Amino acid sequence: MGQTSIVLIAGLIFLLRYQVPEEGVEFNNTYIILWTCILTFTPILLTYLTKRFTALRTTIVFDILSLVTYIVVLHKFNLPAFINKHLFFLEIVHHSREIFSLFPLFIGLIGIRVAMHETPHTNHEKRREHINFHFRHLLLPIIPLLVWNGVLDFSHFFPEEVAALFVIIMIIPLLAFPYILAPYMMQFLWKTKPLTDTILIKKLVELTKRSKMKFRDIAVLQTGDFEITNAAVAGILPRNRRIFLTDSLLRNFTDEQIETIVAHEIGHIRHRHLLISCFIVFGYILSYAIFYQLVGKPLMSLLEGYPIISSIVTLLFFVFYFRVFFNFLSRRFEYQADLYAADLTNNPEGYKSALKDLGSYSAFPKLIRLIIELINTHPSIDRRIEFIDQSIKDNNAIHRYRKCLLEVKLLFAIIPIMFVLIYLINL
């Protein structure tokens, strides 16, 4: 799922960095529509042919191909300028109408997943469920863009000075909304039903009481053919916070194992990892502002006339920040939550057992998992089990994970420094 979001976000970056040519552009409507359709559906057709005539079942190559064809549509055929010309009557929401330019990539990514799906054509219900899930999954990264563009459009109703202040004030709430609305986003992606196992409910409620974590209810996610085995505690605000268990987890794990897995998710709440993630995203906005002034802007002046290069530089910075820096902190958060689960349940062996069983659901060999770990949000299962073993031995190096991490303290110290740097750069 992660690769889909990255490809879609890359497409958003290329769209947002697109610059309308200064000279007037003549549009041949039939020519542009025809080539947009050809380039959009070519990766879908290749996916279908590959699945039918070979044993390959990976989508990443076709996702990247779809992104490349989308970039061609943007810059070779000036799709945003074409859409702006034909949707001139939507000038009052000219930021929001940018979303129409993303349609070719959106359609391409959905089509690739439909072509790769293994469900027989006769099973219409499962096929429809599969398409609906991917449609909703692809919408999630787009919704923040729609909301942000809506804010920009709304700000035009204010005087210029007030509009700038309004946009700045709205940044923090918009960053927090995904974490506040996380329970509803989970329910948007998956069908849910209440947990009916009264014994398990009693155990989980007792667990939350010991942790002093408040929540609203417990729900079961219906993951169907995806067979996702996991649990989650979603929502910063106690009033709408929910505990989610997947149907596969309930089928394949014991109550004791589920209890330790939920304790791990409670650890994320108790250590305020969701709130810290908001600040990490805010740090990206500040660090990119500095990066743009010191690197991006001079580079753009040197490469004037090559907007694709500036988009690639922006994308590389985004990937470095979130796939390297953010994921580095995320792995530290996982260790903290692991230790919290072992401490809260006083059952480190039971948690190790749950981790081992979770690891058995990974499709990757051990060596590949260790390589992927370098850019993953989670450490490998082997490292996490080793970490719990070290905590059992009361290794002094483990104790720092019971407190606020040094890396987090540095993050909060750097944010005001970045404000000062931005001010000095713009003097």
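Residues numbered from 1 in each chain as written. Predicted model: local features only at pLDDT ≥ 70, side-chain atom pairs only at ≥ 80, totals over all residues. Heavy atoms only, no water.

Caption draft 1: Here's a closer look at the overall build of the chain. If you tally the helices and strands in the chain, you get 17 helices and 4 strands. The C-alpha radius of gyration of the chain comes to 24 Å, within 12% of the 22 Å expected for a compact globule of 427 residues. Overall, the chain is about 70 × 65 × 40 Å in size when its C-alpha atoms are taken along their principal axes. In the chain, which comprises 427 residues, the share counted as buried stands at 46%. (Helix = DSSP H or I, 4+ residues; strand = E, 2+ residues; numbered from the N terminus. Rg over C-alpha atoms; globule rule 2.2 N^0.38 Å. Buried < 20%, exposed > 50% of the residue type's maximum accessible area, 1.4 Å probe, protein only.)

Caption draft 2: Focus on empty space enclosed by the protein. Using the criterion set out here, one finds 1 cavity of 30 Å³ or more in the structure. Roughly 50 Å³ of internal volume is contained in the largest cavity. Going through the elements one at a time, helix 12 (273-302) and helix 13 (307-345) are the ones with two or more residues in the lining of the largest cavity. When residues of the lining of the largest cavity are assigned to their parent elements, the largest contribution, 6 residues, is made by helix 12. Tallied by class, residues from the lining of the largest cavity come to 6 nonpolar, 3 polar and 1 charged. (1 Å grid on protein atoms, 1.4 Å probe; cavity = no way out; pocket = protein on both sides within 12 Å on 5 of 7 lines; lining within 4 Å. Points joined across faces, edges and corners; volume = space filled by probe spheres on them. Nonpolar A, V, L, I, M, F, W, Y, C, P; charged D, E, K, R; others polar.)

Caption draft 3: Summary view of the pattern of salt bridges. Overall, the coordinates contain 13 salt bridges when judged by the stated rule. Here R113 and D63 are joined by a salt bridge, their closest N and O atoms 2.6 Å apart. One end of the pair, R113, is in helix 5 (residues 103-116); the other, D63, is in helix 3 (residues 60-76), with 50 residues separating them in the sequence. With respect to class, R113 is no different from D63; both count as buried. For E91, the salt bridge identified is with R97, shortest N-O distance 3.3 Å. In this structure, a network of salt bridges that share partners links the residues R332, R400 and E407. (Salt bridge = Lys/Arg side-chain N within 4 Å of Asp/Glu carboxyl O.)

Caption draft 4: Fine view of the packing of aromatic side chains. For the coordinates displayed, the defined rule picks out 29 aromatic pairs. Taking 6.2 Å as the distance between ring centres and 35° as the angle between the ring planes, the aromatic pair formed by Y288 and F291 counts as tilted. With Y288 and F291 both in helix 12 and 3 residues apart, the pair spans about one turn of that helix. What links up through ring pairs into an aromatic cluster is the set Y284, Y288, F291, Y292, F317, F318, Y321, F322, F325 and F326. (Phe/Tyr/Trp six-rings, centres within 6.5 Å; stacked < 30°, edge-to-face > 60°.)

Caption draft 5: Layout of helix 3. If you check helix 3, its first and last C-alpha atoms are 24 Å apart, about what 17 residues at 1.5 Å a residue would give, namely 24 Å. Buried residues of helix 3: F62, D63, S66, L67, T69, Y70, I71, V73, L74 and H75, and no others. (Expected span 1.5 Å × (residues − 1).)

Caption draft 6: Local environment of the packing of helix 11 (residues 255-270) against helix 13. At their nearest, the axes of helix 11 and helix 13 sit 7 Å apart, and the two run at 125° to each other. The angle between the axes of helix 11 and helix 13 places the two elements in the oblique class. Note on packing geometry: the crossing formed by helix 11 with helix 13 is right-handed. Here E259, T260, A263, H264, I266, G267, H268 and R270 of helix 11 lie close against helix 13, whose contacting residues are F333, E334, A337, D338, Y340, A341, L344 and T345. Its residues placed into classes, the contact of helix 11 with helix 13 shows 7 nonpolar, 5 polar and 4 charged. (Axes fitted to C-alpha atoms, helices over the stretch in contact; angles between N-to-C directions. Parallel < 35°, antiparallel > 145°, perpendicular 65-115°, else oblique. Left-handed = near helix turned anticlockwise from the far one by under 90°. Contact = heavy atoms within 4.5 Å.)

Caption draft 7: Layout of helix 8 (residues 182-189). For helix 8, every residue scored as buried is listed here: A182, P183 and L189. Taken down its axis, helix 8 places every buried residue within 125° of arc, on the same side. Close packing links the buried residues of helix 8 with helix 6 (124-155), helix 7 (160-180), strand 1 (191-194), strand 3 (231-234) and strand 4 (242-246). (Arc of directions from axis to C-beta.)

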